[in-house]
Amino acid sequence: MKQLVMIRGGGELATGIAHRLYNCGYKVLMLEQQYPSAIRRNIVFSEAIYDGETTVERVTCYKADDAKEASKMLKEGKLVIMVDPGLESLKVFKPKVLVDAIYAKRNLGTNKDMAPLTIGVGPGFVAGQDVTCVIETARGHNLGRILRDGIALPEKDIAEARAIMRASHSINSPCDGYLEAGHPTAYIIDKDELIGRLHVEGGHVLEIRTPIAGVLRGMLHDNCPVRTGLKIAEIDPSTKPANCMSISAKTRCVSGSVLEVIVGWEHNHVKKSRLLPWKNK
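First things first, this report covers the structure right here in the doc. These numbers were taken from a predicted model, which means no experiment stands behind them.

Conventions adopted
Residues numbered from 1 in each chain as written. Predicted model: local features only at pLDDT ≥ 70, side-chain atom pairs only at ≥ 80, totals over all residues. Heavy atoms only, no water. Helix = DSSP H or I, 4+ residues; strand = E, 2+ residues; numbered from the N terminus. Buried < 20%, exposed > 50% of the residue type's maximum accessible area, 1.4 Å probe, protein only. Core = buried A, V, L, I, M, F, W, Y, C linked by side-chain atoms within 4.5 Å. Contact = heavy atoms within 4.5 Å. Pairing = 2+ DSSP bridges. Arc of directions from axis to C-beta.

**Observations regarding unusual backbone geometry**
Excluding glycine, a negative phi dihedral is what most residues carry, and trans is how most peptide bonds are arranged.
Part 1 of the reasoning: For Asp-192, which is not glycine, the phi torsion reads 70° and is therefore positive.
Part 2 of the reasoning: The residue Asp-192 is located in the loop between β12 (188-189) and β13 (194-199) in this model.
Part 3 of the reasoning: Assessed through its relative accessible area of 48%, Asp-192 is described here as partly exposed.
Part 4 of the reasoning: Notably, Asn-223 is not glycine yet its phi reads approximately 70°, a positive angle.

Structure (structure tokens):
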């Protein structure tokens, strides 16, 4: 088993990265919030926060209640996730590699001093300043590109990404409340079908209905607290149900770039040679 990689986040991109690194022999510790908000629940390790463990493409992730239990599980060769949005466990584990894959489209506090190698996934990070490098996540020609300086592009600026977003339809919460989910991921739905309810202050209940027919690509976990504007579900009229149950092509591409960065960094340090000047590839 190789060295420990700490990953902030447990959603789709973070899961793909953890999945690839774990399969390549790395110890992986994922850090999530108490109520994860990933909607593609069949393919995210953050579901282990709710259920204790979850399996994605034959790899199982286990929830640890604290750093001591996480350390024990890691020694047993398990892929581990724990609730630690504030990175309190950073000083306990002192990882050589930290990957921020929260994908919040902004930096939620990650900086280069947290580990010898820090990797930011997607927009919100400045390579060479906030983190060592950034992985491009916008669909198109540069997807997966390793940036040694500069920033990743917002997806709304990429024509291919805009086309994909138009093809699918996101349902956002109209107010704060608690979600009562009605259907599992990959469920085939009709237009105006009831897929859940939102319980709000005062005992009121709002019905959540689909604006289009298609496949329920993802939906938040049942009884998850939501805030106004948070994406709670996504309907896709073109996706095959089976595609909702596996890691996406975009995620596989991004995870491969993260692996490339880590392997290259390790090679330079194991050889105790001077790092070559990093330039955009």
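**Here's the deal with the nonpolar core**
When a protein is soluble and globular, its nonpolar side chains tend to lie buried together.
Part 1 of the reasoning: Core analysis: the largest hydrophobic core is formed by 35 residues, its most contacted members being Ile-7, Ile-17, Leu-21, Met-30, Val-99, Ile-119 and Ile-262.
Part 2 of the reasoning: Residue contributions to this core peak at six residues, all from helix α6 (residues 249-270).
Part 3 of the reasoning: Not counting chain neighbours up to four residues away, the residues in contact with Val-99 comprise Val-5, Met-6, Ile-7, Arg-8, Ile-17, Ile-119, Val-121 and Val-258.

**Structural notes on the pairing of strand β6 (residues 97-100)**
Part 1 of the reasoning: In β6, alternate side chains face the same way, and those of Val-97 and Val-99 on one face and Leu-98 and Asp-100 on the other are all buried.
Part 2 of the reasoning: Of the pairings in the sheet, the one linking strand β1 (residues 4-8) to β6 comprises four bridges and is parallel in character. Within β6, the residue paired with Ile-7 across the bridge is Val-99.
Part 3 of the reasoning: Direction of pairing for β6 relative to strand β7 (residues 117-121): parallel, over a ladder of four bridges. Pairing of Leu-98 across the sheet is with Thr-118, part of β7.

**Quick word on helix α3 (residues 67-75)**
Part 1 of the reasoning: Along α3, the residues that are buried comprise Ala-67, Ala-70, Met-73 and Leu-74. What you see down the axis of α3 is that its buried residues fit within an arc of 120°, all on one side. Structural note: α3 exposes Lys-68, Lys-72 and Lys-75 on the side pointing more than 90 degrees away from its buried face.
Part 2 of the reasoning: The elements touched by buried residues of α3 are β1, β2 (27-32), β4 (59-64), β5 (79-83) and α4 (90-93).

**Description of the sheet that holds strand β14 (residues 205-209)**
Backbone hydrogen bonds hold the strands of a sheet together, and the pairing may be parallel or antiparallel.
Part 1 of the reasoning: Taken in spatial order, the four strands make up an open sheet running β14-β13-β11-β16, and their pairing is antiparallel. Across the chains shown, the open sheet's two edge strands, defined by having one partner strand only, are β14 and β16 (225-226).
Part 2 of the reasoning: When strand β11 (residues 177-181) meets β13, the two strands line up antiparallel, connected through four bridges. Considered in β13, the bridge of Glu-180 is made with Arg-197.

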